[in-house]
Amino acid sequence: MLKSENICYRIFGLWPLALVFLITLQLLVGTAEAFTILSPFSYTSLSFKNLLNSVLLASNANLAGGGRNLKSDVLEDASLITPKLIRKYGYPSETHTVVTKDGYILEMHRIPKRGAQPVLLMHGILDTSATWVLMGPKSGLGYMLSDLGYDVWMGNARGNRYSKNHTSLNSDYQEFWDFTFHEMGKYDLPANIDYILSKTGYDQLHYVGHSQGTAVFWVLCSEQPSYTQKILSMHALAPIAFISDMKSPLFRTLVVFLDFLTAATRMLRITEFMPNTKLFVDHSQVVCHDNAMTQDVCSNILFLVAGYNSEQLNKTMLPVMLSHTPSGASIKQLEHFGQLMKSGHFRKFDRGYLRNQLEYNRITPPDYDLSKVKVPVALYYSMNDMLVSTTGVDRLARELPNVIDKYLVPMEKFNHLDFLWAIDVKSLVYNRLVRNIRRVENYKQKQTQQINASIQQLGAQLQQQQQQQQQQEEELRKQQLVQQQQVEPKQQQRSVNLRSQSNLNYHSISAANVNSNTIGSASQRVNVRLHPHSVLHAVRVALPKIMPTPATTPMPTQTTSLPLLLMTTTSTTRSKFITNLTPNFQTNPPISIDSNSNVNQDSTVIIPNVHPVYKPEDDGGAEAPKGSDGDESSRGDTSTTPQWSGDSSTELNAEVTTVMALLERPHVPASA
């Protein structure tokens, strides 16, 4: 075992050597700021920088002095942020900030075109919005779309140099970096899309994504399918989903040690990967310019990551490229991509068995549902892409429901970064992309015209149906009016007939009434009907039996008044008439006085206040006679035949006495 003194010596004795090595390394890459911190004399750092540049770049004495003689545009572009870079080339520029639901403050850059169709461009991992414009107006997709009349919006993912702010967290906190591309698709893209549509007034936008920018779109559609209604078309440059057969040796080596690297970064609390710092920008400007001896080193680093293609690499722009990229990412993002490479699935972040069970209710993370990406999708890929394989794109195309174009770039060496920075990217990729955008717009326009035509046709049909319905209702009202006009005369005629019949009945009854004389006084007219219970009714029944026959005494032709007839008879006849009252009253039905009269038998005469109607009363509690069976149904019709009690002579004699008293009164002729 080593003694404690040896251990302390090995630990603390190496610090001076390590410090010297770090200082030398910083000086070799030309970092003025780092040396300024170590040296109290700032001009000393500049002297060392120029000296080392003269040694490293001795092949070209004009470059001595740290690249001061480089093209001014390249150096300026390398140091400018995206909005200033856009304005430098004569395009308008705007900066917008968006706050996500989980509190991240994102920055978007815009090349405005008022009233134009909006297009959202989303970069890949370690990149920024500058990637769409840093190659200048001739090759930048942002400039190209703006020239074609589109309102260009360029997003920035959380964690890069433009989106390192939060409503409650600082970027130095570990919690700030606890995200993957899943949160970008779930929170960042919805916030960006809603903000753009609210600002422009459009219902839909075109989406163009590169690398990770395509993965976050698949996540958006899988997690929030309603946003597919807000996307007019999606154009995926180097689309990432299934990357198990990635060819990049650098990333395949990292995947082998993924578990170890994950544990090491968590133990050391390393949360951010390759941030964009002033140190790195200065290194790239010195080491990667055109006549630098180390320029090939810079280009080979890019080729190692994306694929070798020196023909399409504009080496002059390397300082600009490496000044804007890399721009920072979360360690957890790289860990998530490593999980995709190991599993061969496009699925959510694997948190371990226990946390997966708590988070996803299963021990393995679920796959993203690509069948929910129900928007027109165009895929652009290449053979020499070290990060995206053709087999992975083929599998992605099979699982997406609406692929309108699957375009393999017709260049064998076209790599992952050539979709952004290639010299001929405009002719190889962007022209095809613009044609697809136009095709989708034309299709939508035709579809909109067809829908409008269908709506107009449907409106015309509805209007025609309403007119027909109104005509039918009008005809129905006319028919009802005609029917009403036809019915009213009939009703009027019926009313007239009823009134006439009523008058006729009234006159017929009046003709049968005994109204030619007065009874009791001159003002009391006899204009009533005989009731079958009255004495006069019995008189009317017995009268034919005591009157002379037509052979000896002819009957008068007109109706004879009953009181006059009784008064003109002799006392013997009246006595005989009185004798025959009782049996005739009980047995004979009511008859008319005049046999020639047309009055019904029911049109009997009643003399009120003189001949009261007989009403049977209980005599000692005796009940009225019933039928043979004892029920009320066998009583007969009490309305026509009176039912007398056992002793009825008293009532009958009272009525006869009343009649006789009336007969003794003097006769007064009836007035006309």
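Of regular secondary structure, the protein chain possesses 24 helices and 11 strands. Every one of the 672 residues in the protein chain was classed for burial, and the buried ones make up 44%. Sequence separation of at least 24 residues holds for 76% of the intrachain contacts in the protein chain that already meet a minimum separation of 6. On the protein chain, roughly 36400 Å² of surface is accessible, and the fraction owed to carbon and sulfur atoms is 54%.

Moving on, we come to the pairing of strand β7 (residues 231–237). Across the seven residues of β7, seven count as buried, placing the element largely inside the fold. Pairing between strand β6 (residues 205–210) and β7: six bridges, direction parallel. From the neighbouring strand, His-210 faces β7, where its bridge partner is Leu-237. Handedness of the β-α-β unit built from β6, helix α9 (residues 212–223) and β7 comes out right-handed. Examined bridge by bridge, β7 and strand β10 (residues 377–381) share four bridges and lie parallel to one another. When the sheet's bridge partners are listed, His-235 is paired in β10 with Ala-378.

Moving on: the packing of helix α10 (residues 249–256) against helix α15 (residues 331–343). Relative to each other, α10 and α15 sit at 85 degrees, their axes nearing to 10 Å. In terms of their interaxial angle, α10 and α15 are classed as roughly perpendicular. Where α10 approaches α15, its residues Phe-251, Arg-252 and Val-255 are matched on the opposing element by Gly-338, Met-341 and Lys-342. Of the residues assigned to the contact of α10 with α15, the class counts are three nonpolar, one polar and two charged.

Turning our eyes to something else, we now look at the confidence of the model for the protein chain. When the pLDDT values of the protein chain are averaged, the result is 76; 64% of them are 70 or greater. Low pLDDT (under 50) marks residues 514–530, which in the prediction has 56 contacts with non-local residues, meaning those over four places away or in another chain. Within the model, pLDDT remains below 50 along residues 550–565, and this stretch shows 19 contacts once partners closer than five positions in the same chain are excluded.

What is meant by a disulfide is a covalent connection between two cysteines, made through their sulfur atoms. Tallied over the entire structure, the rule returns one disulfide. Two residues share a disulfide in this structure: Cys-288 and Cys-298, whose sulfurs sit 1.9 Å from each other. In this structure the cystine formed by Cys-288 and Cys-298 twists about its S-S bond by roughly -75 degrees; its chirality is therefore left-handed. With Cys-288 in the loop between α12 (278–287) and α13 (295–306) and Cys-298 in helix α13, this pair connects stretches of sequence that are 10 residues apart. Cys-298 shares its class with Cys-288; the two are buried.

Using the criterion set out here, one finds 20 salt bridges in the structure. Among the charged side chains, a salt-bridge network with shared partners connects Glu-94, Arg-110, Arg-114 and Asp-151.

Here Thr-325 and Pro-326 are connected by a cis peptide whose omega angle stands at 5 degrees. Assignment of secondary structure puts Pro-326 in the loop between α14 (318–324) and β9 (329–330). Positive phi, close to 55 degrees, is recorded for Ser-211, a residue that is not glycine. Mapped onto the elements, Ser-211 comes out in the loop between β6 and α9.

Let's shift gears to helix α8 (residues 181–200). Between its terminal C-alpha atoms α8 stretches 27 Å, which fits the 28 Å expected from 20 residues at 1.5 Å a residue. A maximum bend of about 30 degrees is found in α8 at Asp-188, where proline Pro-190 lies one to four positions downstream. Most of α8 is tucked away, with 15 of its 20 residues classed as buried. The distance from a side-chain oxygen at the start of α8 to the backbone nitrogen of His-182 is 3.0 Å, and the residue carrying that oxygen is Thr-180. At the exit of α8 stands Gly-201, carrying a positive phi of roughly 85 degrees.

Turning next to a nonpolar patch on the surface. A surface patch of nonpolar side chains, amounting to about 650 Å² of accessible area, comprises Leu-250, Leu-254, Val-256, Phe-257, Phe-260, Leu-261 and Leu-304. For the nonpolar patch, the secondary structure elements donating two or more residues are α10 and α11 (258–267). With three residues, the single largest contributor to the nonpolar patch is α10. Within the secondary structure, Leu-261 is located in helix α11. The exposure class assigned to Leu-261 is partly exposed, which follows from its relative accessible area of 33%.

Another point: the packing of α8 against α9. In the contact formed by α8 and α9, the axes pass within 8 Å of each other and the chain directions differ by 80 degrees. Between α8 and α9, the crossing angle belongs to the class labelled roughly perpendicular. Along its contact with α8, which presents Phe-181, His-182, Met-184, Gly-185, Lys-186, Leu-189, Pro-190 and Ile-193, the element α9 presents Gln-212, Ala-215, Val-216, Phe-217, Val-219, Leu-220 and Glu-223. For the contact of α8 with α9, the residue count by class is 10 nonpolar, three polar and two charged.

Attention now goes to the environment of Gln-174. Counting through the fold element by element, Gln-174 comes out in the loop between β5 (165–166) and α8. Taking the relative accessible area as the measure of exposure, Gln-174 reaches 31% and is therefore partly exposed. The spacing of Gln-174 and Glu-272 is 98 residues in sequence and 9.1 Å in space, taken between C-alpha atoms. In contact with Gln-174, other than residues within four places in its own chain, are Arg-269 and Thr-271.

Before going further, it helps to examine the pairing of strand β11 (residues 403–408). In summary, the side chains of a regular strand alternate between the two faces of the sheet. Pairing analysis gives five bridges linking β10 to β11, with the strands arranged parallel. Along β11, the bridge assignment pairs Leu-379 with Lys-406.

Glancing now at the packing of aromatic side chains. The description of an aromatic ring pair rests on the distance of the ring centres and on the angle between the ring planes. Using the criterion set out here, one finds 15 aromatic pairs in the structure. Each ring, one from Tyr-91 and one from Tyr-143, has its centre 4.7 Å from the other, and the planes form 40 degrees; the classification is tilted. Here the residue Tyr-91 occupies a position in the loop between α6 (82–88) and β1 (94–99), and Tyr-143 occupies one in helix α7 (residues 141–147), the gap between them amounting to 52 residues. Classification of Tyr-91 as buried rests on a relative accessible area of 14%. Taken together, the aromatic side chains of Tyr-104, Phe-176, Trp-177 and Phe-179 make up a single cluster linked through ring pairs. Taking NZ or CZ as reference, Arg-158 lies 5.6 Å from the ring centre of Phe-179, over its face. Between Lys-332 and the ring centre of Phe-349, over which it is positioned, the NZ or CZ distance is 4.9 Å.

Reading the values: rules and limits
- Residues numbered from 1 in each chain as written.
- Predicted model: local features only at pLDDT ≥ 70, side-chain atom pairs only at ≥ 80, totals over all residues.
- Heavy atoms only, no water.
- Helix = DSSP H or I, 4+ residues; strand = E, 2+ residues; numbered from the N terminus.
- Buried < 20%, exposed > 50% of the residue type's maximum accessible area, 1.4 Å probe, protein only.
- Contact = heavy atoms within 4.5 Å.
- Areas by Shrake-Rupley, 256 points an atom, 1.4 Å probe, with all protein chains shown as cover.
- Pairing = 2+ DSSP bridges.
- Right-handed = clockwise from strand over helix to strand, strands pointing away.
- Axes fitted to C-alpha atoms, helices over the stretch in contact; angles between N-to-C directions.
- Parallel < 35°, antiparallel > 145°, perpendicular 65-115°, else oblique.
- Nonpolar A, V, L, I, M, F, W, Y, C, P; charged D, E, K, R; others polar.
- pLDDT = per-residue confidence, 0-100.
- Disulfide = S-S within 2.5 Å.
- Salt bridge = Lys/Arg side-chain N within 4 Å of Asp/Glu carboxyl O.
- Expected span 1.5 Å × (residues − 1).
- Bend = angle between axes of the 7 residues up to and from the residue.
- Polar contact = N/O pair within 3.5 Å; in protein donor to acceptor, adjacent residues only side chain to side chain.
- Patch = residues over 30% accessible without salt bridge, like charges linked within 9 Å, V, L, I, M, F, W, Y side chains within 5 Å.
- Phe/Tyr/Trp six-rings, centres within 6.5 Å; stacked < 30°, edge-to-face > 60°.
- Lys NZ or Arg CZ within 6 Å of the ring centre and 35° of its normal.

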